[in-house]
Amino acid sequence: MTKTLLVTALLLSAIACNESKTETATEPATVAAGTEATPAAAPHEYAVKSSYSSAFEIGDYSQADKVVELWKQYDDNTLEKGLDMFADTVTMMMADGWRYHGTKDSLMKLTKVERAKYSTVKSKIVAITPLKATDLNESWVIIYGTEYMTSKNKTDSSDLQENWRFNKDGKIDMMHSYRRKL
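The sections below set out a description of the structure shown in this document.

The rules behind the values
- Residues numbered from 1 in each chain as written.
- Predicted model: local features only at pLDDT ≥ 70, side-chain atom pairs only at ≥ 80, totals over all residues.
- Heavy atoms only, no water.
- Helix = DSSP H or I, 4+ residues; strand = E, 2+ residues; numbered from the N terminus.
- Buried < 20%, exposed > 50% of the residue type's maximum accessible area, 1.4 Å probe, protein only.
- Contact = heavy atoms within 4.5 Å.
- Areas by Shrake-Rupley, 256 points an atom, 1.4 Å probe, with all protein chains shown as cover.
- Pairing = 2+ DSSP bridges.
- Axes fitted to C-alpha atoms, helices over the stretch in contact; angles between N-to-C directions.
- Patch = residues over 30% accessible without salt bridge, like charges linked within 9 Å, V, L, I, M, F, W, Y side chains within 5 Å.
- Salt bridge = Lys/Arg side-chain N within 4 Å of Asp/Glu carboxyl O.
- Polar contact = N/O pair within 3.5 Å; in protein donor to acceptor, adjacent residues only side chain to side chain.
- Core = buried A, V, L, I, M, F, W, Y, C linked by side-chain atoms within 4.5 Å.

1. Concerning the overall build of the chain
Then, number 1: In terms of helices and strands, the chain carries three helices and nine strands.
Then, number 2: The proportion of buried residues among the 182 residues of the chain is 31%.
Then, number 3: Contacts spanning at least 24 positions in sequence make up 50% of the contacts within the chain whose residues lie at least 6 apart.
Then, number 4: Split by element, the accessible area of the chain, about 12,500 Å² in all, is 57% carbon and sulfur.

2. With respect to the sheet that holds strand β5 (residues 99-103)
Then, number 1: Reading across from one edge, β3-β6-β7-β8-β9-β4-β5 is the order of the seven strands in this open sheet, with mixed pairing throughout. Each of the sheet's edge strands pairs with one partner strand only, and the pair in question is β3 (56-58) and β5. Taking each pair of neighbouring strands and ignoring which way they run, the sheet shows an average axis angle of 25°.
Then, number 2: Inspection of the sheet shows strand β4 (residues 86-93) paired to β5 by five bridges, in the antiparallel sense. From the neighbouring strand, Val 90 faces β5, where its bridge partner is Gly 102.
Then, number 3: Those strands touched by helix α2 (residues 61-76) are β3, β4, β6 (120-133), β7 (138-151), β8 (154-166) and β9 (172-181), and its axis lies near 165° from that of β6.
Then, number 4: Together, β4, β5 and β6 form the strand contacts of helix α3 (residues 104-115), whose direction differs from that of β5 by roughly 135°.

3. Things to note about a nonpolar patch on the surface
Then, number 1: Residues Tyr 52, Phe 56 and Leu 136 make up a contiguous nonpolar surface patch of roughly 260 Å² in combined accessible area.
Then, number 2: Secondary-structure assignment places Leu 136 in the loop between β6 and β7.
Then, number 3: Here Leu 136 falls in the partly exposed class, since its relative accessible area comes to 33%.

4. A look at the environment of Gln 161
Then, number 1: Structurally, Gln 161 can be placed in strand β8.
Then, number 2: Separated by 18 residues in sequence, Gln 161 and Arg 179 place their C-alpha atoms 6.6 Å apart.
Then, number 3: Those residues within four positions of Gln 161 in sequence are excluded, and the remaining contacts are Ile 142, Ile 143, Tyr 144, His 176, Ser 177 and Tyr 178.
Then, number 4: Polar side-chain contacts of Gln 161 include one of 3.0 Å to the side chain of Asn 163.

5. Observations concerning the pattern of salt bridges
Then, number 1: The final tally for this structure, using the stated rule, is 10 salt bridges.
Then, number 2: Glu 114 is the salt-bridge partner of Lys 117, the closest N and O atoms lying 3.0 Å from each other.
Then, number 3: For Glu 114, a relative accessible area of 33% corresponds to the partly exposed category.
Then, number 4: Two residues, Asp 173 and Arg 165, come together in a salt bridge whose shortest N-O distance is 2.9 Å. Grouping residues by exposure puts Asp 173 and Arg 165 together as buried.

6. Observations regarding the nonpolar core
Then, number 1: Of all hydrophobic cores here, the largest spans 17 residues; its most connected members are Val 67, Phe 86, Met 92, Trp 164 and Ile 172.
Then, number 2: Listed by contribution, the elements that provide at least two residues to this core are α2, β4, β7, β8 and β9.
Then, number 3: Sort the elements by how many residues they give to this core and α2 lands first, with four residues.
Then, number 4: Each residue touching Trp 164, except ones within four places of it in the same chain, is listed here: Val 67, Leu 70, Trp 71, Phe 86, Met 92, Ser 139, Trp 140, Val 141, Ile 143, Ile 172, Met 174 and Met 175.

Shown next, in the form of C-alpha cells:
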C-alpha cells in the first residue's frame, strides 16, 4: 500500500512537471539572435502623474551605441566624425544653464571651442539605457558616467547624466545634461 501511494505520488509529480513544461513551451518566440519578444506590460499608475511620460520600455540599442560613440569622439577630440548623427536642428540644455537651439553645424563649432579648453578628456561610462516613450513615440538614450578633464595640468572630474532624444529619422535632436563636480 505504501509503495502504491509512493508510486502514485511520483506519477502525479511527473505529470505535474510535464504540464508545467507544456505551459512554458508557449513562451514568446525568439525574434532576433539572443533576444525574446516581451509582451507589453500594462501601464503603471503612479501616485502622481508625470508631466512628460511614464510609459517607457527598452528602446533601440543602436541609438545607445551612437551616444557611446559620441562620448568617445569627445574624449578623442574627433567631434566632426559624429556630425551626421544629429538632426539639422538641435536643442541642447546643459547643467550650467546654457541652452542652445540651432543648426548642427553651429553646435559643432561651439562644441569644438568648449573641447579645446582641455588637453585631455577621459570618460568612464557607468550605465546606459535606450528607452522608448511608447505614449509619445519618442526614443531616448540615458547615459551616466564620470568625466575627467585636464586643463593646464590640472584635472577636474564630474559625474554626468545625459538624456539624448532621437527623432523619427534616428537623428539626435535634443540633449539634456546634468553634472555634479567631484
